[in-house]
Amino acid sequence: MHEMPQDDLEQSLRSAQPLLWCNPRLQPEAAAQADTGISLADVRAAQARFQRCAPLLARLFPELAASAGRIESPLLATPALQQALGLPASSGRLWLKADHGLPVAGSIKARGGIHEVLEFAEGLALAEGLIAPGDDYGRLAEAPARALFGRYRVLVGSTGNLGLSIGIMAAALGFRAEVHMSADAKAWKKARLRQHGVSVVEHLGDYEEAVAAGRRQAEQDPFCYFVDDERSPSLLLGYSAAALHLAEQLQQAGISVDAEHPLFVYLPCGVGGAPAGVAFGLKQLFGAHVHCFFAEPTQSPCFLLGLAAEPGQLPSVYQHGLDNRTEADGLAVPRASALALELMRPLLSGVLTVSDAQLFRQLYLAGSSQGLRIEPSAAAGFGGPALLCQSTVGRAYLTRHGLQAAMPQASHLLWTTGGLFVPEDEYQGFYARGAALQA
Ligand SMILES: *Cc1c(COP(=O)(O)O)cnc(C)c1O
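The rules behind these values
Residues numbered from 1 in each chain as written. Predicted model: local features only at pLDDT ≥ 70, side-chain atom pairs only at ≥ 80, totals over all residues. Heavy atoms only, no water. Core = buried A, V, L, I, M, F, W, Y, C linked by side-chain atoms within 4.5 Å. Buried < 20%, exposed > 50% of the residue type's maximum accessible area, 1.4 Å probe, protein only. Helix = DSSP H or I, 4+ residues; strand = E, 2+ residues; numbered from the N terminus. Contact = heavy atoms within 4.5 Å. Near = heavy atom within 4 Å. Polar contact = N/O pair within 3.5 Å; in protein donor to acceptor, adjacent residues only side chain to side chain. Areas by Shrake-Rupley, 256 points an atom, 1.4 Å probe, with all protein chains shown as cover. Axes fitted to C-alpha atoms, helices over the stretch in contact; angles between N-to-C directions. Parallel < 35°, antiparallel > 145°, perpendicular 65-115°, else oblique. Left-handed = near helix turned anticlockwise from the far one by under 90°. Nonpolar A, V, L, I, M, F, W, Y, C, P; charged D, E, K, R; others polar. Pairing = 2+ DSSP bridges. Expected span 1.5 Å × (residues − 1). Salt bridge = Lys/Arg side-chain N within 4 Å of Asp/Glu carboxyl O.

The next point concerns the nonpolar core. The biggest cluster of nonpolar side chains holds 151 residues, and the ones touching the most others in it are Phe175, Phe264, Phe294, Phe303, Met344 and Trp415. With 9 residues, helix H6 (residues 161-173) is the single largest residue contributor to this core. Those residues in contact with Phe175 that lie beyond four places of it in its chain are Val117, Phe120, Ala121, Leu124, Phe149, Tyr152, Val154 and Ala170.

Near the ligand lie 16 residues; those nearest to it are Lys109, Asn161, Gly270, Gly272 and Thr417. Between an oxygen atom of the ligand and a side-chain N or O atom of Asn161, the distance comes to 2.6 Å. Measuring from an oxygen atom of the ligand, one finds a backbone N or O atom of Ala274 at 2.8 Å. Protein chains shield 98% of the accessible area of the ligand, which is 380 Å² for the free molecule. Looking at the shell around the ligand, the element that brings in the most residues is helix H11 (residues 273-286), giving 3 residues.

Before going further, it helps to examine the packing of helix H9 (residues 233-240) against H11. Between H9 and H11, whose axes approach to 7 Å, the crossing angle comes to 55°. Our classification of the angle between H9 and H11 gives oblique. Viewed along their axes, H9 and H11 form a crossing whose handedness is right-handed. Contacts between H9 and H11 involve Leu236, Tyr239 and Ser240 from the former and Gly273, Ala274, Ala276, Gly277, Val278 and Gly281 from the latter. Broken down by class, the residue content of the contact of H9 with H11 amounts to 5 nonpolar, 4 polar and no charged.

Turning our attention to the sheet that holds strand E7 (residues 224-227). Strands in a sheet are paired, the pairing made by backbone hydrogen bonds, and the direction either parallel or antiparallel. Judged by pairing direction, the sheet is parallel, and its 4 strands sit side by side in the order E6-E5-E4-E7 without closing on themselves. The open sheet has two edge strands, strand E6 (199-202) and E7, and neither has a second partner. Between one strand axis and the next, the sheet turns through 20° on average, direction left out of account. Looking at chain direction, strand E5 (residues 176-181) and E6 are connected through 4 bridges and run parallel.

Since the α-helix turns once every 3.6 residues, residues separated by three or four places project in the same direction. Over its 19 residues, helix H4 (residues 109-127) extends 27 Å from the first C-alpha to the last, a length consistent with the 27 Å expected when each residue adds 1.5 Å. Of all the 19 residues making up H4, 15 are buried; the element is thus mostly covered by neighbouring parts of the structure. Two residues or fewer after H4 comes Gly129, characterised by a positive phi angle close to 75°.

Here we come to helix H7 (residues 187-195). For H7, every residue scored as buried is listed here: Trp188, Lys189, Lys190 and Leu193. Tucked inside the fold, the buried residues of H7 contact H6, E5, E6 and helix H17 (424-436). Looking at the residues trailing H7, positive phi occurs at Gly197, about 80°.

Bringing the pattern of salt bridges into the picture now. Overall, the coordinates contain 23 salt bridges when judged by the stated rule. Across the salt bridge formed by Arg49 and Glu119, the nearest N and O atoms sit 3.7 Å from each other. Linking Arg49 in helix H2 (residues 40-60) with Glu119 in helix H4, this pair joins segments that are 70 residues apart in sequence. The partly exposed category is assigned to Glu119, whose relative accessible area is 32%. Here Glu72 and Lys97 are joined by a salt bridge, their closest N and O atoms 3.1 Å apart. Linking Glu72 in the loop between H2 and strand E2 (75-77) with Lys97 in strand E3 (residues 93-97), this pair joins segments that are 25 residues apart in sequence. Lys97 shares its class with Glu72; the two are buried. When salt bridges that share partners are traced, they join Arg49, Arg52, Glu119 and Glu122 into one network.

These results come straight from atomic positions and should not be treated as a statement about function.
Here it is as structure tokens:
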């Protein structure tokens, strides 16, 4: 009785109404997932790879000198944003995971994209005997390694941010990097890549077409490595390592996560790899006490459609009368990753959708209340806490899971996924649009 009937859901999706949908296949106690073959050990292995490669990253990127090669973001208390979003203290406390400022790539893609390029480079260097396990990986910044990497092309298809991450990382190691961009990719992202010596191939079609074109090219060339955003476990695991660091940050901030202190996490979702990686890691660590929600544009709710469909189906937003047009370019994806869907089917609490007008309003609030400079995609989850605590569907979720009494001690975590590299004039345009839309 708490679930929206399928016809009503279809109706609301088609009319691009913002909504909260709760996942009827959620298994609160499910943690590891046998049939996808990914476990907490893999999450830890990704974290260990980042640690091994930190000396290399510190040599390649001056902006990482201060963190000794660590790519991480702060956990921020955001009381002013909480007030601006109208979330009362009786609903819990609002926090923000500031991936919008992640160095090197300027978005959450710094996690997955850099991890996959590092894994590929490490594998090549080990196979060629350039390094041995336990060596200082800083040597991978030197001439012999660069000569090896220069024999390979690294390809990716992207709406923008993944291209930035893969392109910048691959080019820094000496790979020949090639990024296939969809039509919705922003001009400044293409320009930035070209400045880094990356070749940019522009496609007239959408994200799926850009990915397919890249994949086809790579199949014909053994010296070509394709980063497959729709299928790659390495990308997903790179994102998942964020959960281990967040667990430390929560502890340092004195935030418990248990039955009396539930944690709600709101993650912007495109193809699903980034939020699924993070959510998977968090579910391994906190089990039933962490509740993960993805946020998608009303025109691109591909993950919601994928979870609402029968397992094995992979619906496209176009089939539901939507056009996949949104200013949230990082989320403009018509069909979800099958890997991310399978991983999330028993673990994800729900999905909320958001209109572009809301994105800009929320982007403005982040800036005006807390001075946080984010891109439109990164604001997608901001309506989540209020929807959960105040809507009929949300309150039913809380009641069903016995959470109502714990809500004053709850933590809500907004994951802001991008923004650092947005040019100032673009940002001012977004901000002004959001300001004009305030009620
Ligand atoms: C890519 C991206 C996401 C979502 O990641 P997916 O793996 O595509 O789901 C969210 N926010 C921003 C800013 C992104 O660039």
